[in-house]
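# Summary of the model geometry
Here's the letter readout for the chains.
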Amino acid sequence: MDFSFLKEAGVEEERGFTVCPASSFSAWSTTSPLPVIVTEVRGEDSLGVVRRELLRRYDGAAPVWLWCPKTREMRREHAAALAFPQREREVMLVICPEECLAASASAASLQRLRRVMEALRAPDGCPWDRAQTHETLRTYLLQEAYEVVDAIDRGDRENLKEELGDVLYQVVFHARLAEERGEFTLDDVADGIADKMIERHPYVFSTMTAEETAELLGSWEIRKMREKRRRRLLEGLSVSLPSLLFACIMQKKVSSICREKAAGAEDRRGRFESSWRKAMDMAETGSAPDELERCFGKALFEMVDLMRAFGMEPELALHRFNSLFSEQFGEWEESLRKEGRTVMEAGPEDLSKLEDRLEKKGLL
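Everything in this summary refers to the structure shown in the same document.

## As for the overall build of the chain
Each helix and strand counted, the chain has 14 helices and 5 strands in total. Among the 364 residues that make up the chain, the fraction classed as buried is 31%. Sequence separation of 24 or more characterises 56% of the internal contacts of the chain that already satisfy a separation of 6 or more. If you sum the accessible surface of the chain, you get close to 23000 Å²; carbon and sulfur atoms cover 54% of it.

Structure below.
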């Protein structure tokens with residue numbers, strides 16, 4: 001039997017491996033550190049025998065290499081996502097016990113966090129944690145998410161690890177609250193997102209041609225609408241999103257199904273300049289506040305569309321500009337403090353220095 005495909009799975013033949021048919025996989029000994037090649041996997045039934053045994057011994061995240069002889073394709077999947085390829089009559093699996101154990105250890109870490117949460121919510125646990133609800137935790141979830149963004153912007157990987165842990169804690173917290181009310185569990189949350197990603201990426205988790213993949217990607221938003229049973233394309237967008245981000249996501253959704261109508265950069269620039277001039281004209285003529293607000297809102301909306309034409313994320317661009325402006329203003333304020341003065345005591349000369357500083361940095 002040809003085992004040349006093992007190299008792609010990182011298995012060295014000279015170091016040894018074992019061979020086991022799918023029908024006997026349940027009797028395979030996990031005490032052996034050697035990789036095991038599972039043969040005679042003929043259809044979903046025999047694959048299911050292996051999948052169930054892997055889930056029993058390890059965890060859904062246990063890595064498995066799947067070899068498709070017909071297409072000469074080797075791909076890495078997780079035990080929970082194993083599916084028999086449509087165009088194959090028989091496949092082989094490569095399983096490395098050490099990698100499976102490492103994945104199970106990772107899952108054990110999440111179980112530890114779950115037990116910590118259970119202890120905090122117990123009758124003799126932490127009074128503050130026991131008093132929380134989904135509603136009271138809302139602000140903390142938003143705060144932790146923004147702190148993750150800050151760590152990414154600063155390039156602080158150590159702090160990013162900590163902040164991601166804080167977000168994970170919030171997820172575990174909300175799942176625990178739901179579990180106590182018999183609504184859903186943390187496992188339901190994890191399984192739900194895993195199932196969703198597998199379903200939305202059949203070109204990764206099953207065999208598809210390049211043409212089928214392109215067609216599928218083109219109908220992404222339509223597929224999501226059907227999956228969620230939504231009647232409208234923009235249904236489900238969170239109104240709590242920052243306005244620039246909301247506009248950007250909304251425009252992307254619309255353009256995904258109206259590509260033939262999508263304007264180029266020059267057309268978008270023309271729309272932005274026209275809407276901005278109209279808003280300024282209305283401001284100068286003293287138009288009603290609600291009309292003026294709508295016109296300036298439209299100008300901002302067109303600006304978002306123009307920025308997208310140049311590959312920019314409006315929310316991120318404004319965030320970074322705000323950070324730079326705040327930094328420069330703070331340094332100017334610090335220079336006043338060293339002279340024993342406050343911002344309220346700044347004179348014309350000081351303000352001129354502030355303008356010079358901002359102009360040099362391209363902020364004015």
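## Points about the sheet that holds strand S5 (residues 91-95)
If you walk across this open sheet you meet the 5 strands as S1-S2-S5-S3-S4, and the pairing is mixed. With partners counted over all chains shown, the strands left at the sheet margins are strand S1 (18-21) and strand S4 (73-78), one partner each. Neighbouring strand axes in the sheet, compared pairwise and without regard to direction, differ in orientation by 25° on average. Where strand S3 (residues 63-68) meets S4, 6 bridges bridge the pair, whose relative direction is antiparallel.

## Concerning the packing of aromatic side chains
For any pair of aromatic rings, the description consists of the separation of the ring centres together with the inter-plane angle of the planes. One pass over the full model with this rule turns up 6 aromatic pairs. Centroid distance phenylalanine 5 to tryptophan 67: 4.9 Å. Interplanar angle 5°. Geometry classified as stacked. Here tryptophan 67 lies in strand S3 and phenylalanine 5 lies in the segment before S1, a separation of 62 residues in the sequence. Given a relative accessible area of 6%, tryptophan 67 falls into the buried group. Consider the rings of tryptophan 276 and phenylalanine 296, whose centres lie 5.4 Å apart with planes at 75°: the pair is edge-to-face.

## Quick look at helix H14 (residues 348-360)
An ideal rise of 1.5 Å per residue puts 18 Å on 13 residues; H14 measures up with 18 Å between its terminal C-alpha atoms. Along H14, the positions that sit buried rather than exposed are Asp350, Leu354 and Leu358. Within H14, the buried residues cover an arc of 80° as seen down the axis, which keeps them to one side. Exposed and oriented more than 90 degrees from the buried face of H14 are Pro348, Glu349 and Lys360. Those residues of H14 hidden inside the fold are in contact with helix H13 (314-338).

## What about the layout of surface pockets?
One simple way to see leftover space: roll a probe sized like a water molecule over the atoms. Taken as a whole, the second largest pocket spans an internal volume of roughly 460 Å³. Contributing to the lining of the second largest pocket are 19 residues, with Tyr146, Val149, Pro242, Leu245 and Glu315 lying nearest its centre. Among the elements of the structure, helix H4 (134-154), helix H10 (243-257) and H13 are those that each provide at least two residues to the lining of the second largest pocket. Grouping the amino acids of the lining of the second largest pocket by side-chain chemistry returns 12 nonpolar, 4 polar and 3 charged.

Calculation criteria
Residues numbered from 1 in each chain as written. Predicted model: local features only at pLDDT ≥ 70, side-chain atom pairs only at ≥ 80, totals over all residues. Heavy atoms only, no water. Helix = DSSP H or I, 4+ residues; strand = E, 2+ residues; numbered from the N terminus. Buried < 20%, exposed > 50% of the residue type's maximum accessible area, 1.4 Å probe, protein only. Contact = heavy atoms within 4.5 Å. Areas by Shrake-Rupley, 256 points an atom, 1.4 Å probe, with all protein chains shown as cover. Pairing = 2+ DSSP bridges. Axes fitted to C-alpha atoms, helices over the stretch in contact; angles between N-to-C directions. Phe/Tyr/Trp six-rings, centres within 6.5 Å; stacked < 30°, edge-to-face > 60°. Expected span 1.5 Å × (residues − 1). Arc of directions from axis to C-beta. 1 Å grid on protein atoms, 1.4 Å probe; cavity = no way out; pocket = protein on both sides within 12 Å on 5 of 7 lines; lining within 4 Å. Points joined across faces, edges and corners; volume = space filled by probe spheres on them. Nonpolar A, V, L, I, M, F, W, Y, C, P; charged D, E, K, R; others polar.

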